[in-house]
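Chain and residue survey
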Amino acid sequence: YEIPDNGWDDDGNGKVDDVVGWDFINYDNNPLDDNGHGTHVAGIAAAEANNGIGIAGVSWGAKIMPVKVLNNRGQGDVLSISQGIHFASASGANVINMSFGGYFKSETMEAALQNAILTSELIAASGNDHLSIYEKHPDSFLPNPFYPAAFPFVFGVVAVESFSNYDPDGPIYSEFLTGENYELVSYGGGILSSFPGGQYKILSGTSMAAPLIAGMVSLYNSAKVIVTKEERWGDFINASRP
């Protein structure tokens, strides 16, 4: 276990005093949110309840592990994101919410996620361009699913609102040989949540839809501890269809 503020890497993971989490942009143990997106997403999933302020997250008793992989403009690279995924899973995260993505399929990120799925449930936003998973992105000549949501071993979350990317044939069937699809539906429009500086804001996007599912998975795990991953996926897919 890591001992806070002693200046040593007690758990031998190459990170000193990473008790709270880790910042892969500035590479330090202070994953401060300087954009606001992460704080809003975290609040949706697990904001504390019964404290007389703000909002309650879906799984208000859950612990949050902040892992910073995007800069203050909300931009990041495959290396930082893949390192963050590995760090979260290696540090014991039961659920990893990924309210980010793009139309580029990275083998590096895919490998990190394939390793993480062994111990963590993976949730990701499907994007906000109102594109079918089979539709060509304006900047591409080929169909471009939104990754990491489109990976078949990641819960890809679609929002019910019209801005969301979507999967027209549902969560089971895929025309891609590698099985890309989005599996779950949630609400992503006009979601009130926490914001840096003790504020609260209303934001919209599949970034807001994903942590609603992440919170639900956390609640599910706490209520139904002994269950296979296949049973969990079946329960969620049968309860939510695009």
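Higher on the page you've got the structure.
So, here's what we can say about the structure. (Residues numbered from 1 in each chain as written. Predicted model: local features only at pLDDT ≥ 70, side-chain atom pairs only at ≥ 80, totals over all residues. Heavy atoms only, no water.)

1. Considerations on a nonpolar patch on the surface
A grouping of Ile53, Leu192, Tyr200 and Ile202 is seen on the molecular surface, where their side chains present a nonpolar patch of about 410 Å² in accessible area. Assessed through its relative accessible area of 44%, leucine 192 is described here as partly exposed. (Patch = residues over 30% accessible without salt bridge, like charges linked within 9 Å, V, L, I, M, F, W, Y side chains within 5 Å. Areas by Shrake-Rupley, 256 points an atom, 1.4 Å probe, with all protein chains shown as cover. Salt bridge = Lys/Arg side-chain N within 4 Å of Asp/Glu carboxyl O. Buried < 20%, exposed > 50% of the residue type's maximum accessible area, 1.4 Å probe, protein only.)

2. Structural notes on the environment of lysine 224
Along the chain, lysine 224 turns up in the loop between α4 (206-223) and α5 (229-239). Looking at lysine 224, its side chain comes within polar contact range of the side chain of aspartate 235, at 3.1 Å. (Helix = DSSP H or I, 4+ residues; strand = E, 2+ residues; numbered from the N terminus. Polar contact = N/O pair within 3.5 Å; in protein donor to acceptor, adjacent residues only side chain to side chain.)

3. Some details on the pattern of salt bridges
Between side chains of opposite charge, a pair can form when the charged atoms approach closely. One pass over the structure, following the stated rule, counts 5 salt bridges. In this structure, lysine 229 and glutamate 121 form a salt bridge, with 3.6 Å as the shortest nitrogen-oxygen distance. Placement of the pair is lysine 229 in helix α5 and glutamate 121 in strand β4 (residues 121-125), with a sequence separation of 108 residues. Residue classification places lysine 229 among the partly exposed residues on the basis of a relative accessible area of 26%. Residue aspartate 235 pairs with lysine 224 through a salt bridge whose shortest N-O separation is 3.1 Å. Remark: lysine 224 occurs in the loop between α4 and α5 and aspartate 235 occurs in helix α5; sequence separation between them is 11 residues. Overlapping salt bridges, with partners in common, bring together Glu121, Lys229 and Arg232 in one network.

4. Some points on the side chain of lysine 68
Looking at the secondary structure, you find lysine 68 in strand β2 (residues 67-68). A polar contact of 3.0 Å, which involves the side chain of lysine 68, links it to the backbone oxygen of leucine 70. Beyond its immediate stretch of four places on either side in the chain, lysine 68 contacts Trp22, Asp23, Phe24, Ile25, Asn26, Pro31, Leu32 and Asp34. (Contact = heavy atoms within 4.5 Å.)

5. Here's the deal with helix α1 (residues 37-46)
Those residues of α1 not exposed but buried are His40, Val41, Gly43, Ile44, Ala45 and Ala46. In this structure, the buried residues of α1 make contact with β3 (95-98), β7 (191-195), β8 (199-203) and α4.

6. Topic: the nonpolar core
If you look at the biggest cluster of nonpolar residues, it comprises 31 residues, and the most contacted ones within it are Ile85, Met98, Leu113, Leu122 and Val154. Of all the secondary-structure elements, those providing two or more residues to this core are α2 (78-90), β3, α3 (107-116) and β4. Sequence-distant contacts of leucine 113, that is, excluding residues within four places in its chain, are made with Ile85, Met98, Leu122, Pro148, Phe151, Phe153 and Val154. (Core = buried A, V, L, I, M, F, W, Y, C linked by side-chain atoms within 4.5 Å.)

7. What about the pairing of strand β5 (residues 155-159)?
Taken across its 5 residues, β5 has 5 buried, putting it largely inside the fold. In terms of strand pairing, β4 meets β5 through 3 bridges, oriented parallel. Within the sheet, the bridge partner assigned to alanine 125 lies in β5 and is valine 157. (Pairing = 2+ DSSP bridges.)

8. Points about the side chain of asparagine 181
Position of asparagine 181 among the secondary structure elements: in the loop between β5 and β6 (184-186). Once residues lying within four places of it in the same chain are set aside, the contact partners of asparagine 181 are Ile133, Ala149, Ala150, Phe151, Pro152, Asp167, Gly170, Pro171, Ile172 and Tyr173.

9. Things to note about the sheet that holds β6
Strand order in the open sheet made by the 4 strands is β3-β4-β5-β6, with parallel pairing throughout. Of all the strands in the sheet, the pair left with one neighbour each is β3 and β6. Sheet twist, expressed as the average angle between the axes of neighbouring strands with direction ignored, equals 30 degrees. (Axes fitted to C-alpha atoms, helices over the stretch in contact; angles between N-to-C directions.)

10. Some details on α5
Among the residues of α5, Arg232, Trp233, Phe236 and Ile237 are the ones counted as buried. For α5, the arc enclosing every buried residue in end-on projection is 120 degrees, short of the 170-degree limit, so these residues lie on one face. Of the exposed residues in α5, the ones pointing more than 90 degrees away from its buried face are Glu230, Asn238 and Ala239. (Arc of directions from axis to C-beta.)

None of this, on its own, says anything about what the molecule does.
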